[in-house]
Structures are given as C-alpha cells and as structure tokens.
Amino acid sequence: MADLRTTPTAVRSPFRATTTEIDWADGHKGIYPHEILRGYCPCAGCQGHSGSVRFLAGGDTSIKTIEPVGDYALHLAWGDGHDTGIYTFRYLRALCQCAECVPADRRDERAERQRL
Ligand SMILES: [Zn+2]
Ligand SMILES: [Zn+2]
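Everything quoted here is computed from the prediction, not taken from an experiment.

Visitor: Any chance you could explain the overall build of the protein chain here in plain terms?
Guide: Across its full length, the protein chain holds 3 helices and 8 strands. Taken from N to C terminus, the helices and strands of the protein chain fall in the order β-β-β-α-α-β-β-β-β-α-β. Here the C-alpha radius of gyration of the protein chain, 13 Å, is about what a compact globule of 116 residues would show, namely 13 Å. The principal-axis extent of the C-alpha atoms belonging to the protein chain is close to 35 × 35 × 30 Å.

Visitor: I would appreciate a short explanation of the environment of Trp24 in the present structure.
Guide: Structurally, Trp24 can be placed in strand S2 (residues 19-24). With 55 residues separating them in the primary sequence, Trp24 and Gly79 have C-alpha atoms 26 Å apart. When residues no more than four places from it in sequence are discounted, the contact partners of Trp24 are Leu4, Arg5, Thr7, Pro8, Thr9, Gly30 and Arg93.

Visitor: Where do I start with the nonpolar core in this structure?
Guide: For soluble globular proteins, nonpolar side chains are generally found buried alongside one another. Counting 15 residues, the largest nonpolar core has Tyr40, Leu76 and Leu92 as its most contacted members. At the level of elements, S2, strand S6 (73-78) and helix H3 (89-95) are the ones that each hand at least two residues to this core. Residues within four places of Leu76 in sequence aside, it is in contact with Leu37, Ile63, Ile66, Gly85 and Tyr87.

Visitor: Explanation requested: the sheet that holds strand S1 (residues 8-12) in the structure shown.
Guide: Paired through their backbone hydrogen bonds, the strands of a sheet run either parallel or antiparallel. Ordered by their spatial adjacency, 3 strands build an open sheet running S1-S2-S3, and the pairing between neighbours is antiparallel. One side of each edge strand has no neighbouring strand; the edge strands of this open sheet are S1 and strand S3 (29-33). On average, each strand axis in the sheet is inclined to that of its neighbour by 20°, with strand direction left out of account. Across 5 bridges, S2 lies against S3 in antiparallel orientation.

Visitor: Got a minute to help me understand the sheet that holds strand S7 (residues 85-88) in this structure?
Guide: The antiparallel open sheet is built from 3 strands, whose spatial order is S5-S6-S7. The sheet is open, and its two edges are formed by strand S5 (63-69) and S7, each paired on a single side. Taken over all neighbouring pairs, the strand axes of this sheet differ in orientation by 25° on average, direction set aside. Bridge count for S6 against S7 is 4 bridges, and the pairing is antiparallel. Paired with His75 across the strands is Ile86, a residue of S7.

Visitor: How should unusual backbone geometry be read in this particular structure?
Guide: Even without being a glycine, Arg16 presents a positive backbone phi close to 70°. One can find Arg16 in the loop between S1 and S2.

Calculation notes
- Residues numbered from 1 in each chain as written.
- Chains lettered and ligands numbered in written order.
- Predicted model: local features only at pLDDT ≥ 70, side-chain atom pairs only at ≥ 80, totals over all residues.
- Helix = DSSP H or I, 4+ residues; strand = E, 2+ residues; numbered from the N terminus.
- Rg over C-alpha atoms; globule rule 2.2 N^0.38 Å.
- Contact = placed C-beta atoms within 7 Å.
- Core = buried A, V, L, I, M, F, W, Y, C linked by C-beta atoms within 7 Å.
- Buried ≥ 20, exposed ≤ 12 C-beta atoms within 10 Å, placed from the backbone.
- Pairing = 2+ DSSP bridges.
- Axes fitted to C-alpha atoms, helices over the stretch in contact; angles between N-to-C directions.

All quantities given are derived from atomic positions and should not be read as evidence of function.
In structure tokens form, the structure reads like this:
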C-alpha cells in the first residue's frame with residue numbers, strides 16, 4: 001500500500017505565486033516557498049553526486065512548470081531555464097516548511113538535507 005505521508009493528493013502553484021502547496025494523503029498541508037524549492041534543487045548540476053543537498057541561494061524562483069514523474073516525484077522547471085530538478089515525494093515531504101514541520105525559530109536555518 002502507498003505511504004499516505006508521501007502520496008500527494010493536490011499540488012497548488014498558481015501563476016506568479018511565491019509558494020507552492022502540496023496536500024498529502026495523510027491530511028498534511030505542505031507549504032513550499034519557491035526560494036526553498038529552488039535552493040534545495042536536488043539535481044546533479046546543482047549538488048554534484050553527494051548524498052546530501054545543500055541550500056544554494058540566488059537561483060530564479062519563478063516556477064515555469066510542475067509535472068509528475070511516474071508516481072514518485074515532481075519535475076520542476078524554473079523561469080531561468082533550469083529544469084533538471086526531480087523532487088521525489090519523500091524528499092518533498094521532508095522539505096515541508098509548514099509551521100508544524102519548521103517552528104518559527106528555525107525558519108531561517110538552511111541546513112543540509114538528506115537526499116531522499
Ligand atoms: Zn538543480
Ligand atoms: Zn509540514
């Protein structure tokens with residue numbers, strides 16, 4: 001059976017929005033500021049092949065397209081043409097920035113993430 005925690009039921013990313021929302025099947029409402037999604041782009045071009053993912057500031061944070069990849073990931077294309085980021089549902093779930101997942105006093109931390 002699919003893991004409800006890593007099964008999205010809806011992805012909302014309106015044109016010109018600065019935050020994408022993902023509803024997860026366990027009822028969790030995921031919040032993803034585009035600055036976070038771009039900074040933590042997991043692609044090899046951004047991160048090399050290490051097991052961890054560093055936050056890289058400065059990329060274009062306008063999302064051009066979001067498309068599903070099979071039943072395990074989302075493919076994000078950015079306004080500056082960067083389009084090699086494949087974000088697995090497990091990775092996205094761990095990256096959630098909602099108040100429950102990231103308390104206000106940790107909001108500005110940009111710790112290394114595990115590649116999932
Ligand atoms: Zn990248
Ligand atoms: Zn959350």
